[in-house]
Amino acid sequence: MADNTKIEWTDATWNPVRGCTKISPGCAHCYAETFAERFRGVLGHPYELGFDPRLVPEKLAEPLKWRVSKMVFVNSMSDVFHESVPDDYICAIARTMALANWHTYQVLTKRADRMAALLQTKLRFAAEQAHIWWGVSVENRQHGLPRIDHLRSAPARIRFLSVEPLLEDLGALDLTGIDWVIAGGESGRGARPMKEQWVRRLRGRCQRQGIAFFFKQWGGVHESKTGRVLDGQTYDEFPERSNGQAPDLATLIAMRKELGRFKSDAPQ
């Protein structure tokens, strides 16, 4: 596990799979690939094979050993639903998440069609568990909007979108069935720009539909200079619903407690 991760919307990462391959424009400047390839050929390093996809079965049971409840981003250095990962291995990952239910898991993919199909079949046992959140990446209309439809078709209890990097105006997208939207610009060398009106329009759509919204960053080559403030609001703004407040992370976890889905049976 990676504690103290720099990813603002999670506490820790868990990587029972390493490596991936590019499938859409959002992959062009993959931070995980850049990191992994630095260590290609370094014997004994976890990424001595660079970003080549591979299973890491010795990592499968790790969350069962972690005593303190965490928000865990699953496979930050890969994609759970990559075509090289067998169905049975994905089910093994889900079984660990189901057992170690004192954590909250965030599963994010660009392979939304496979995720939706498995959540309707082999992963049905995990689909509706409120401590497992299922999400898709949305970088543009062509590739991202169909992923939202796939996610919406899945019997997931909590659904989220990672709209990062936001590469164009997404238009009047339908967020029905979505619980949380993360938005941000691309950062680092070669970063493609994100226009202010794109993210404001997205935030407005979240406000109108009562969807929790998290603004991560403006991005850019020097992301520390562009900041994480949108129209004077903090980057973790959650808009008001017409009937109350959109659920922030604490509220969603409280909902789990009320429904009896949050169990305090972490190892002592």
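Before reading on, note that the structure itself is shown above.
Residues numbered from 1 in each chain as written. Predicted model: local features only at pLDDT ≥ 70, side-chain atom pairs only at ≥ 80, totals over all residues. Heavy atoms only, no water.

## Structural notes on the overall build of the chain
Along the chain, the regular secondary structure elements total eight helices and twelve strands. A burial count over the chain gives 51% of its 268 residues as buried. Working note: accessible area of the chain is about 12300 Å², and carbon and sulfur atoms make up 51% of it. (Helix = DSSP H or I, 4+ residues; strand = E, 2+ residues; numbered from the N terminus. Buried < 20%, exposed > 50% of the residue type's maximum accessible area, 1.4 Å probe, protein only. Areas by Shrake-Rupley, 256 points an atom, 1.4 Å probe, with all protein chains shown as cover.)

## A few points about empty space enclosed by the protein
Tallied over the entire structure, the rule returns one cavity of 30 Å³ or more. Its volume calculated, the largest cavity comes out at about 40 Å³. As for the largest cavity, its lining consists of Val 80, Phe 81, Ile 90, Ile 93, Ala 94, Met 97, Val 107, Leu 123 and Trp 134. When residues of the lining of the largest cavity are assigned to their parent elements, the largest contribution, four residues, is made by helix α2 (residues 87–99). (1 Å grid on protein atoms, 1.4 Å probe; cavity = no way out; pocket = protein on both sides within 12 Å on 5 of 7 lines; lining within 4 Å. Points joined across faces, edges and corners; volume = space filled by probe spheres on them.)

## Some points on the packing of aromatic side chains
Taken as a whole, this structure holds seven aromatic pairs when the rule is applied. Consider the rings of Phe 160 and Trp 180, whose centres lie 5.9 Å apart with planes at 45°: the pair is tilted. Pair noted here: Phe 160 is in strand β8 (residues 158–163) and Trp 180 is in strand β9 (residues 180–184), with a separation of 20 residues, a long-range link. Exposure remark for Phe 160: the relative accessible area of 0% places this residue in the buried category. Seen in terms of ring centroids, Trp 180 and Phe 214 are 6.3 Å apart; in terms of plane orientation they differ by 85°. Their pairing is edge-to-face. Of this pair, Trp 180 sits in strand β9 while Phe 214 sits in strand β10 (residues 212–217); the two residues are 34 residues apart in sequence, bridging distant segments of the chain. Trp 180 sits in the buried class, given a relative accessible area of 1%. One aromatic cluster is present, formed by Trp 133, Phe 160, Trp 180 and Phe 214 through successive ring pairs. Taking NZ or CZ as reference, Arg 18 lies 5.5 Å from the ring centre of Tyr 47, over its face. (Phe/Tyr/Trp six-rings, centres within 6.5 Å; stacked < 30°, edge-to-face > 60°. Lys NZ or Arg CZ within 6 Å of the ring centre and 35° of its normal.)

## Some points on the side chain of Arg 111
One can find Arg 111 in the loop between β6 (104–109) and α3 (112–119). A polar contact of 3.1 Å, which involves the side chain of Arg 111, links it to the backbone oxygen of Thr 21. Excluding residues that lie within four positions of it along the chain, Arg 111 makes contacts with Cys 20, Thr 21, Ile 23, Asp 79, Phe 81, His 82 and Glu 83. (Polar contact = N/O pair within 3.5 Å; in protein donor to acceptor, adjacent residues only side chain to side chain. Contact = heavy atoms within 4.5 Å.)

## Side note on unusual backbone geometry
The peptide bond linking Glu 164 to Pro 165 adopts the cis configuration, its omega dihedral lying at 0°. A positive phi angle is found at Asn 75, which is not glycine, with a value near 60°. Owing to a relative accessible area of 1%, Asn 75 belongs among the buried residues under this scheme.

## Section: the pairing of β9
Note on strand geometry: in a regular strand, side chains alternate between the two faces of the sheet. Counting buried positions over the five residues of β9 gives five, a clear majority of the element. Residues Trp 180, Ile 182 and Gly 184 point to one face of β9 and Val 181 and Ala 183 to the other, with burial holding for every one of them. Both β8 and β9 contribute to a ladder of four bridges, which runs parallel. Within the sheet, the bridge partner assigned to Leu 161 lies in β9 and is Val 181. A crossover links β9 with its parallel partner β10, the connecting element being helix α6 (residues 196–209), and its sense is right-handed. (Pairing = 2+ DSSP bridges. Right-handed = clockwise from strand over helix to strand, strands pointing away.)

## Structural notes on the pattern of salt bridges
Summed over the entire model, instances satisfying the criterion amount to 16 salt bridges. For Lys 59, the salt bridge identified is with Glu 62, shortest N-O distance 3.3 Å. Several salt bridges share partner residues, and in doing so they unite Glu 37, Arg 40 and Asp 52 into one network. (Salt bridge = Lys/Arg side-chain N within 4 Å of Asp/Glu carboxyl O.)

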